Amino acid sequence: MDVEILSRLQFAGTIMFHYLFPPLTIGLGLVMVILEVQWLRTGVKAWNEAARFWTRVFALNFALGVASGIVMEFQFGTNWAAYSRFVGDVFGSALAAEGIFAFFLESGFLAVLVFGWDRVGPRMHFFSTMMVFLGSCFSAIWIVVANSWQQTPDGYHIVETEVNGQTAYRAEITDFWAMIFNPSSVDRLTHTLIGAFILGGLLVCSICAWYALKGRHEDFVRRCFPIGLVVAAVASVAALLTGHDQAEQVAVTQPAKLAAFEGHFETGPAALYLFGWPDARAEEVRFGVAIPGMLSWLLHQDASAEVIGLDAFPEEDRPPVWLPFQAYHLMVGLGMLFIVVTVGSLPLLRGGRIYRMRPLLWVFVFLVLGGFAANQAGWVAAETGRQPWVVYPGEQDGVPMQGLRTADGLSESVTAGQVAWSMTMFGLIYALLFMVWLFVFNAKVMHGPAIEAEPPPSDTTGEGEGFLGAAALLTGGGRSLTEVREPRPDEVRERDEADERTRGSDRGSDGGRAGGSDAGDASDAGDAGERPGGGA
Amino acid sequence: MSHDTLALVWFVMLGVLLIGYVILDGFDLGVGILHPAARSDTDRRLMMNSIGPLWDGNEVWLVTFGGALFAAFPNAYATVFSGFYEAFMLLLFCLILRAVSLEFRSKVHSRRWRSVWDVGFFLSSFGAALLFGVAGGNLMLGMPVGEDLAIRQSVFEQLGWYPLLVGAMTVSLFALHGAIFVYLKTEDELQRQARGWIWKAFFVFLVLYLAATAATLAVVPRATENFARWPWLWIVPVLNVLAVANIPRAMHLRRPVYAFVSSSCTIAALAFLFAVAIFPNLVPATTRPDWSVTIWNARSSEKTLGIMLVIAAVGMPFVLSYTAVIYWVFRGKVKLDRSSY
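Residues numbered from 1 in each chain as written. Chains lettered and ligands numbered in written order. Predicted model: local features only at pLDDT ≥ 70, side-chain atom pairs only at ≥ 80, totals over all residues.

**Observations concerning the overall build of chain A**
Part 1 of the argument: Each helix and strand in chain A was counted, giving 17 helices and eight strands.
Part 2 of the argument: Within the span of chain A, comprising 536 residues, buried residues form 51% of the whole. (Helix = DSSP H or I, 4+ residues; strand = E, 2+ residues; numbered from the N terminus. Buried ≥ 20, exposed ≤ 12 C-beta atoms within 10 Å, placed from the backbone.)

**Considering the packing of helix α1 (residues 3-34) of chain B against helix α3 (residues 55-72) of chain B**
All names here are of chain B.
Part 1 of the argument: Where α1 contacts α3, the axes come no closer than 8 Å and their chain directions differ by 155°. Of the possible angle classes, the one that applies to α1 and α3 is roughly antiparallel. You can see that α1 and α3 cross each other, and the crossing is left-handed. Packed against α1, whose contacting residues are W10, M13, L14, L17, L18, G20, Y21, L24, D25 and D28, the element α3 presents W55, N58, E59, W61, L62, T64, F65, A68, L69 and A72 at the interface.
Part 2 of the argument: Tallied by class, the residues present in the contact of α1 with α3 amount to 14 nonpolar, three polar and three charged. (Axes fitted to C-alpha atoms, helices over the stretch in contact; angles between N-to-C directions. Parallel < 35°, antiparallel > 145°, perpendicular 65-115°, else oblique. Left-handed = near helix turned anticlockwise from the far one by under 90°. Contact = placed C-beta atoms within 7 Å. Nonpolar A, V, L, I, M, F, W, Y, C, P; charged D, E, K, R; others polar.)

**Remarks on the environment of R358 of chain A**
All names here are of chain A.
Part 1 of the argument: Take R358: it is sitting in helix α12 (residues 358-384).
Part 2 of the argument: Here R358 falls in the exposed class, since 11 other C-beta atoms lie within 10 Å of it.
Part 3 of the argument: R358 sits 119 residues away from A239 along the chain, and the two C-alpha atoms are 27 Å apart.

**Regarding the nonpolar core**
Part 1 of the argument: Core analysis: the biggest nonpolar cluster contains 270 residues, and V31, W54, C205 and C208 of chain A together with L92, A179 and I198 of chain B have the highest contact counts within it.
Part 2 of the argument: Here the element with the most residues in this core is helix α4 (residues 81-115) of chain A; it accounts for 24 residues.
Part 3 of the argument: Ignoring anything within four residues of it in the chain, the contact list for W54 of chain A reads L28, V31, M32 and L35 of chain A. (Core = buried A, V, L, I, M, F, W, Y, C linked by C-beta atoms within 7 Å.)

**Remarks on unusual backbone geometry**
Part 1 of the argument: A cis geometry characterises the amide bond from Q387 of chain A onward to P388 of chain A, with omega recorded as 0°.
Part 2 of the argument: Tracing the chain through its elements places P388 of chain A in the loop between α12 and β5 (389-391).
Part 3 of the argument: A cis amide bond links F279 of chain B with the next residue in sequence, P280 of chain B, at an omega value of 0°.
Part 4 of the argument: For Q301 of chain A, which is not glycine, the phi dihedral falls at a positive 55°.
Part 5 of the argument: As for its placement among the helices and strands, Q301 of chain A is situated in the loop between α10 (294-300) and α11 (322-345).
Part 6 of the argument: The exposure class assigned to Q301 of chain A is exposed, which follows from the 8 C-beta atoms found within 10 Å.
Part 7 of the argument: If you check the backbone angles, D188 of chain B has positive phi at about 55° while not being a glycine.
Part 8 of the argument: Take D188 of chain B: it is sitting in helix α8 (residues 188-219).

**Here we look at the interface of chain B and chain A**
Part 1 of the argument: The interface of chain B with chain A comprises 75 residues on the first partner and 81 residues on the second.
Part 2 of the argument: Counting residues per element, the side of chain B that touches chain A draws most heavily on helix α12 (residues 302-329) of chain B, which supplies 13 residues.
Part 3 of the argument: Residue composition of the side of chain B that touches chain A, by class: 38 nonpolar, 20 polar and 17 charged.

**Digging into the packing of helix α2 (residues 22-42) of chain A against helix α8 (residues 218-253) of chain A**
Each pair of packed helices can be described by the angle between their axes along with the distance between the axes.
Residue and element names in this part refer to chain A.
Part 1 of the argument: Two numbers describe how α2 lies on α8: the axes approach to 11 Å, and their chain directions differ by 130°. As summarised for this structure, α2 and α8 are arranged oblique, according to the angle between their axes. For the pair α2 and α8, the sense of crossing is right-handed. Contacts from L30, V31 and I34 of α2 reach α8 at I227, G228 and V231.
Part 2 of the argument: Looking at the contact of α2 with α8, its residues break down into five nonpolar, one polar and no charged.

**Details of the confidence of the model for chain B**
Part 1 of the argument: Per-residue pLDDT for chain B has a mean of 89; in total, 99% of the residues score no lower than 70.
Part 2 of the argument: In the predicted assembly, ipTM is 0.87 and pTM is 0.84. (pLDDT = per-residue confidence, 0-100.)

**Some points on α1 of chain B**
Part 1 of the argument: A rise of 1.5 Å per residue sets the reference length of α1 of chain B, with its 32 residues, at 46 Å; its end C-alpha atoms lie 45 Å apart and thus fit the reference within 8%.
Part 2 of the argument: Bending of α1 of chain B peaks at approximately 35° at the position of G26 of chain B. (Expected span 1.5 Å × (residues − 1). Bend = angle between axes of the 7 residues up to and from the residue.)

Okay, here's the thing in structure tokens:
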């Protein structure tokens, strides 16, 4: 394979992996803020426990979001150097602003959020939660603005530069606020944030529904499930409205993209496909079911209005059709499903009827996967629909501005072999990362919200949950960034023994801290030697 | 401000971000490098938890440095990141492995599980420190920048003796810095042990520092050109030597905070000397001197540099104030509690 395909695949792979986590942290951030408000308002300890549980889930996802996010920032330069030279003046400033305004805010206050429960007061903790949530939203703002500028560039001009006697072109800012508020940024940002809230709400629903099915943590479920459901329901309806606005905007700013989304090959009245199998070569949609004139009506309130089709563009300027079409339809279909299920379930909250409806609870357990898929699919549609451009050609004050083709954005010096090698390496570490994430995530869910949880029985294999369930039991003794747990009774006994040993021997000698020379013993004694809740 | 002044200001700003990064992430990479020297699981946990709330925020300095380089000098960002392709991929690998090792080590109570992540934590910290040094060493020597500003060179060609020497010096300096940090954050036996690490790391660093200085004077004649132009700059190497000398003095006087300030100053001074040595280049070219990537031919437009300066002026006071708040909240000796790793 050539370096272009490999670099495209690498970018797609790393960004899709990365984008599993940011929408979760944005969505969960909102849920955590709501829970801490409830805690501050009522003083009920159960709200605090619930907030702590979601904080642990949040922190796990945040850690992976950061680790996979650094890769994204480096990759612009490593694989797409020509693109970086072309857009640096515009895109780079948004990225730097993201670093200064968002990342410092998030990572700084995350420390208080996770490690600070016993070190700061409830108000300071709430403030930190707000800051982390705000930081994650800022982060979305800057990166979506930067991406939107590539879709619908504004507030810039193309400048000819000369380095080492070689002529090159690049985009430079002429109007900062026009660049920030380019024609698509507000629509795309609200839609992105709403997608994240849907995912956050659905995750809360999923875990709570599972607890409800297993008859666990009833109080926790009754506190959190309604919050998750309301967030998901409101956001799902909002996603439909913002999605519609966005389609109208894309019809004006990127008609080729909309034509690809809808498989609309010939300029003229446009139908709305419910599903189908577009064939770009034959310029038709096979096996499709469509509502004639519906797209024209949605865009212009007139079923016979003309919608620009792909035939209006020279072949080399057309996006691929199959992938944007399917990704777009997957997103829309899932969005409709979310509305039906979440809004339909709202009345069932009354009197807790929903907690007895087992089939519906099972739907909620798995609906979160749809949330991931819809967020991913939306971006796949947006990015593949932008092709063959990485920066769309635009127009400023009536003067056409050249765009940049993705194929022209590659690094001058990087070879296919280098990309293949690094892709293999990242493929391996991402696979490992993903497995560990699943494993720890599962362990947290198994462990549940309670701080003083029943110790999991160490001689059974996890209630038929298979490998992950069994693995989760092993983690009963773990302490981590994302876990809060009181010692088990047997650990308390060990701790007393360890204290005995410490007192009984010379302080400071190495043997004093561990009864045996074995590192495992040392570990147990060391863990047991801590003071629960200490360290203030 | 004129376009030239703005480019200079942004060169200085990048220097500030770089210095912020190497001082802050320097100690937590150093803790990782020293990790295998800890004797028990508790000691390892204490060391990991001493940086637990901080390392993530420290790494943001690198992310912001990268973003600022992209925005202020896009040509330099593109040239350096694609030119160090393999090295930077390895660096990313190290940074991911490090995050994962820190996060997941405590998740399972098994010796084998923990020792796997112990090895991962050490190798990734060591590897990242070495790669930063190697990259710095290569930039000192100059790189084969082509007419199109691209560097076509494999990682093996970048592993010459001089970059490796600079890399080794970086590793020892971070280990020293990390050892002083561990000393500050711990008590009793582990603290006594950290004192031993400080002395060992100090002497290793001293040897490598002298060797690297001599080597730089021998193989990078360009390094002192700017000192001839602006003789007042000599104050920096003088302060650097004083800071290095103050580390054993402060430790002898049992003033570890001064020792930490001194190692921070040492790192800052070395980063400063690096910047002075290459200025006004960002990537000196070995092919033809006029093909070098400089702050003049790599810079963004005047408008963008001005906007970025406003962004930095608005944002950085916030960054500094909440960095201070976080370090204040987590001041004092590290204790293992229920939110620990």
